[in-house]
Structures are given as structure tokens and as C-alpha cells.
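Breakdown of the fold
If you want the building blocks of each chain, they are given just below.
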Amino acid sequence: MNLKRLLNVILLLTITNVFSQENFLASFTIPANLNENANAVVRSNDINISLESLSEMYVTEKRIVTVLNKSGNDAVNAYVYYDNNVKIKELEAVVYNAAGAQIKKIKKNDFKDVSAVDGGTLYSDSRVKYLEYTPVGYPYTIKFTCKTINNNTAFIQSFRPLNSYFVSVEKSSYQINFPMEMTLRTKEKNFENFDLIKEEEDGFFKFKVENISAIKPEKYAPAFFEMMPKVMIASNEFTLEGVKTKVTNWEDFGKWMYHDLIKSTHDLPAGTVSMIQDLVKNEPNDIEKAKKIYQYVQDKVRYISVQVGIGGWKPFNVSEVDRLGYGDCKGLTNYTMALLNAVGVKSNYTVVFAGKSKRSLEKDFAAMQGNHVILNIPTEDDNIWLECTSQKLPFGFIGDFTDDRDVLVITPEGGKIQHTKKYSVDESTQIIKGKYSITSNGVLNAQVNVNSKGIQYDDKYWLETETQRDLDKHYKNRWRYINGLIMNSMHVENDKNKIEFIEDITFEASNYTKIAGDRMLLTVNTFNRNTHVPDRYRNRKWPLKVSRGFKDIDEVEIEIPANYKVESFPKNNSIENKFGHYKTEIIVKDDNHFVYKREFKVNDGEFPKEDYKDFRAFYKTVSRQDNAKIALIKK
């Protein structure tokens, strides 16, 4: 090749490369379909992982994001975590204007550097460097480059091309290289509607997707993580804090966790063993012993986060928790387990994804999963689950934080996937017994008893520790549809033995009714109106999912003024469908006294998206009927 031809080839390659860069840097080059519903567009996101050995992993990420408006700023995601095992080798961000011209460069030392955990964390070596940039206008583009080296290979980043709503993706790729002697497993999820391009060879995986339009959230849809595409990656062999291990299934994983992370921490002092045995010596069975010990732990210790190195997975020694009186979820769960073991009650450390969204561990993909730890007590009939970080929850109640999901129960024999408690519709009840009277000038005087169980207990038990001022604010918000509400008395009781929350409330309100001449309109449902109507969607995309059902049963005595009589009652209702039922009835006791009965039940479950319209109509009907009125006229 002669010199002139060589120069022409070099020039052509340079122009091609510049054009390629500018194609992602200028906002006007975004395809039209990616602008729709988008606050930001990921122009290019390339992740390259190189597993050099069991104890050395390099991760390089290059991402270009165009931010279209203020709501899209969070989509930049220009941050990196580091600690004693993760070192940052490269870190840079470059900002471009709408035309693709560079306007700012931010180097590693210009990134903000803060603790990666909140102030409730006792110990932590985890930190984060993040970009703090205030744009001068929109749209703008940021090119973010980061390279890290990690001595731990237990956590291999998944391929998640779509990370949030209102963000579209032009191109996203993921590549991992690994030694031939290592065995990596993958699991693909939710790619049915996405064109996943993949290459797999010995020691090499590559995944790529392009042209993903932004997704809008929908109420009563499955959780984001349930719907979005991802490829999970795990190695059968890995290193965590210098400790090498090999696991291929959950049984192996559980053995490793118990014998390498948990067992050696059970160094309960002899004095504590003697004390705890004496504490439960008169209890008749293991369950009663466990209740006594659970209460002891709640009274003695408090929760505080601990995140130091392997502390992200290994609990502190129980002797330290016993001495200090605090610990994180691992430490407090492990401490409770050690105390139970001291009196011969078997229990198991359990790893879970905590949160209201009911995220389960992937039971067919053994890997480092979960963000929380609870305790399992196996019984002949069922499992008891304990939340050891709470000083308020009753024994055996876990609420919506860890209910109804697959978790990893760790035993000396190995790990096994089990399912936590599901609170059924008929368990999650709210029963109202109340009465109210109306004066001739429309003043309401009311008293009500509310008894809540199951998930509805979980919604309210925290009120036990609220001040009277905060309770006043809470109830005025609960009954915000009543104007001029004045709270007269508020008594709440948390019955931890029955796991019931009881509220006894009296209140009054002036001008509760509408008076016009000789007529008065009285909204019959005072204590429990459904004001919620699900959002309307012209073109629903996602299935309908009701995560937790409930049942409300109301019975209310009503007294109207002596100088009025009923002109008309609202019709009784009886609605029954796949989503639940709604029933109301008014029983006449005499001319001025009536009983209003209401039952509203909503079933949990997942339904086709085509059912959403009927589901919304059901709620809309309930809301309308809950606002039904009795018409009164002067005698």
C-alpha cells in the first residue's frame, strides 16, 4: 500500500469514528421513536468485564446519555462505588451541548466523594464518587467513563439495558471474558419483546440490544424488576474477602454461608447462656421459649447498619452484639438464633429480598442475591418468620416487608428455597363498629372502634408510638373528606399476642350534612369511604396485578334528628366479581335509628391487562356508592 492510499484510509477511519461519536453526542440524531415518553435517552452503554482470575475482576463502563429535560437528570447515573476491595482506575465525565460540542470535562478528583451509606450505619468502608453537575440548558449529553478493579468476584454485574421508566435506549452492550477453567452460568429474563443479540464462546459472553423505547409506569402493574429484561451472570467459583469457594446450587451456597460465614460467629458468653436458659425455664414449649427470647432481644438491642467488607454478608460475632446492644440485620438475626440455640430451639438464618414489591430470589439460579436477613423457626405445622431488626413487631409477624416471596433458608446441611408467610385476604381485615348522631343543624357526633389484622395491622401498628398531636394529624388526614373535623378522644392499643391493632376514636364535625330548606342530605358512610379510583389508561400495556388483598367489614348505628324523617334511602348493593365484592345494606330500627352495613373485599392476584378497565369500574362504583346519601325532610 502506497503512502497516499494509507493516508486516505487513516483519514476515512478518523472521519468514520468522529461521525460515530457525533452520532451519539448531538441530540438531533436521536431516532424519533426514542424521544417518545422519554426524559432521557441512553445513546450508548457498553460494559466490559474481564475476569482475570478468581480474585481479580476488571470492569469498564462507557456510557453516553442525552438528557432531554430536568426529570431526566437522574438517568445520567454517573457514579461508582468503591471500598477496600474495589479500586477506581479511571473516572471521567464529559458534557456536550445539544449540537454535540464539548462544554465541560470532569476528572476523577472533581467527582464528589461521600460515604455510600446513610447516617444510621455504624461502620462502613463503602464510599461513592458521583457527578454533581447543574446543566445550563436542555438537552445536553454526558459521556461517562469508569474503570474499576475488584478483588471480590462473588458479585458479577448483570446485564440490565433498561433501568428506569421514561428512559429509552439506543444501544446497550455487555461483554465478559473469563479464564477457560472457570464456569459461568447465565439466566435470561423478559426478553420476549426485545431483540437480544448474543454471542457465546469458551471464555466469552456478549449480549446486545438496540432501539428500546421508553416505558411509562402504570398503576397496579407488576414491579419494574419483574418486567424489565436482564441477563444474570454467576461463576461457580469465586472469591469473597480472600476466601475462595465453589457453589453450583442453593444447597452448596447454604453450606458455604453457614460453615464459612455464620458458624464461627456463635461465641455467646457463658454468662449469657446461663441467663437466657434461666429466663425461659418455666416456658412450656419451644414456641413460648422463642417468644420470650424474641421479646428479650427487642428490649435489649437496637438496629444499626454495619457494612465493612465481608460484613456485607458475614454477621458480627454474637458476643459483640451481646456486649454492645446493637447490630445490623445479620447481627441481630444471628444473635437471636444463637440465643434460641442456647435453649435448644432450632432456627435458621434466612436471606431475603426485602421491600413491599415481593421480590423473590431466583430459585433456579444460585448466586449472591438478597438485601436483608430474617430468622426462620421450623415447626411441625408451618414456618415461623421473625423480623429481628424491629423493636415493635409482634412475634411471628413480618408484614409487607418480607411476606409472600421465595427466600434462602440456611441450615448446617445446606441452603433451601422456601416461601415466606402470605397474608390472605380473609386474614387482612379491618372491622369497624361505630355509631354517630346528627343534630338538627347538621352537626356530626361520632365514635368508632376499628380492629385491624394481617396486612391492615401492618398499616397501623406504628401508630402506637405516635404523639397525640401526630395522631390528630393522622386521623384528620384519614377522614379528610369530612370538613371541620375535631378529634375529641383517640386511644390506640397494639395487642401483640393476638396481632390486632385497636383504635377507639370519638370526633365531631359541624356542617357534616347539606341543608336546603326543609331537606337535609346525609352521606351515610362516615368512617370508611373509598375515595380511590385507579388511573385510566387508554392503551394499557402491562398486566393488572393486585399484590395484597383485604377485607373491610363495617357496621354503624345512625341516629337522625327527632324532627326529621327519611325521605329516601340509597339502594342496597351487592356486587360480586373476580376482583372481589362490595355489599351494603341499611336496616331500619325505628323512625330515627338505622344500621348501615358494608363489606368491601379486594382479591389479590394477577389478571390480563384487558381486565383493567373492569377493575377500575369496580373501584369507581364502590367510590360512588360510598358517597351515597340519605335524604331527610322535616316532619
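Rules behind the numbers
- Residues numbered from 1 in each chain as written.
- Predicted model: local features only at pLDDT ≥ 70, side-chain atom pairs only at ≥ 80, totals over all residues.
- Heavy atoms only, no water.
- Helix = DSSP H or I, 4+ residues; strand = E, 2+ residues; numbered from the N terminus.
- Contact = heavy atoms within 4.5 Å.
- Areas by Shrake-Rupley, 256 points an atom, 1.4 Å probe, with all protein chains shown as cover.
- Salt bridge = Lys/Arg side-chain N within 4 Å of Asp/Glu carboxyl O.
- Buried < 20%, exposed > 50% of the residue type's maximum accessible area, 1.4 Å probe, protein only.
- Phe/Tyr/Trp six-rings, centres within 6.5 Å; stacked < 30°, edge-to-face > 60°.

1. What to know about the overall build of the protein chain
For the protein chain, the helix and strand inventory stands at 12 helices and 38 strands. Dimensions of the protein chain along its principal axes, counting C-alpha atoms only, are 110 × 70 × 40 Å. Counted over contacts in the protein chain with a minimum sequence separation of 6, partners at least 24 positions apart contribute 71%. Surface accessibility of the protein chain: about 30500 Å² in total, with carbon and sulfur atoms responsible for 47%.

2. Examining the pattern of salt bridges
Summed over all chains, the structure comprises 38 salt bridges. With a shortest N-O distance of 3.0 Å, Lys545 and Glu226 are connected by a salt bridge. With Lys545 in strand 31 (residues 544-546) and Glu226 in helix 3 (residues 224-227), this residue pair connects regions lying 319 residues apart in the sequence. Of the charged contacts, one joins Lys421 and Glu427 as a salt bridge, the two residues approaching to 2.7 Å between their closest N and O atoms. Note on Glu427: relative accessible area 32%, which makes it partly exposed. Within the structure, one salt-bridge network assembled from shared partners comprises Lys187, Lys189, Lys230, Glu362 and Asp364.

3. Quick notes on the packing of aromatic side chains
Applying the stated criterion to the full structure yields 35 aromatic pairs. With 5.3 Å between their ring centres and 70° between their planes, Trp250 and Phe253 make a pair best called edge-to-face. Here the residue Trp250 and the residue Phe253 both occupy positions in helix 4 (residues 250-262), the gap between them amounting to 3 residues, near one helical turn. Look at Trp250 and you get buried, because its relative accessible area is 7%. Residue Phe253 is classed as buried on the basis of its relative accessible area of 2%. The rings of Tyr220, Tyr537, Phe550, Phe579, Tyr582, Phe600, Phe607, Tyr612, Phe615, Phe618 and Tyr619 are connected pair by pair, giving a single aromatic cluster.

4. Some points on unusual backbone geometry
Cis geometry is found at the peptide bond from Tyr138 to Pro139, where omega equals -5°. Along the chain, Pro139 turns up in the loop between strand 8 (127-130) and strand 9 (140-150). The phi dihedral of Tyr220 is positive, around 55°, even though this residue is not glycine. With respect to the secondary-structure elements, Tyr220 resides in the loop between strand 13 (204-212) and helix 3. Under the relative-accessibility criterion, Tyr220 is labelled partly exposed at 23%.

Everything listed here is a matter of coordinates, which is why it stays silent on function.
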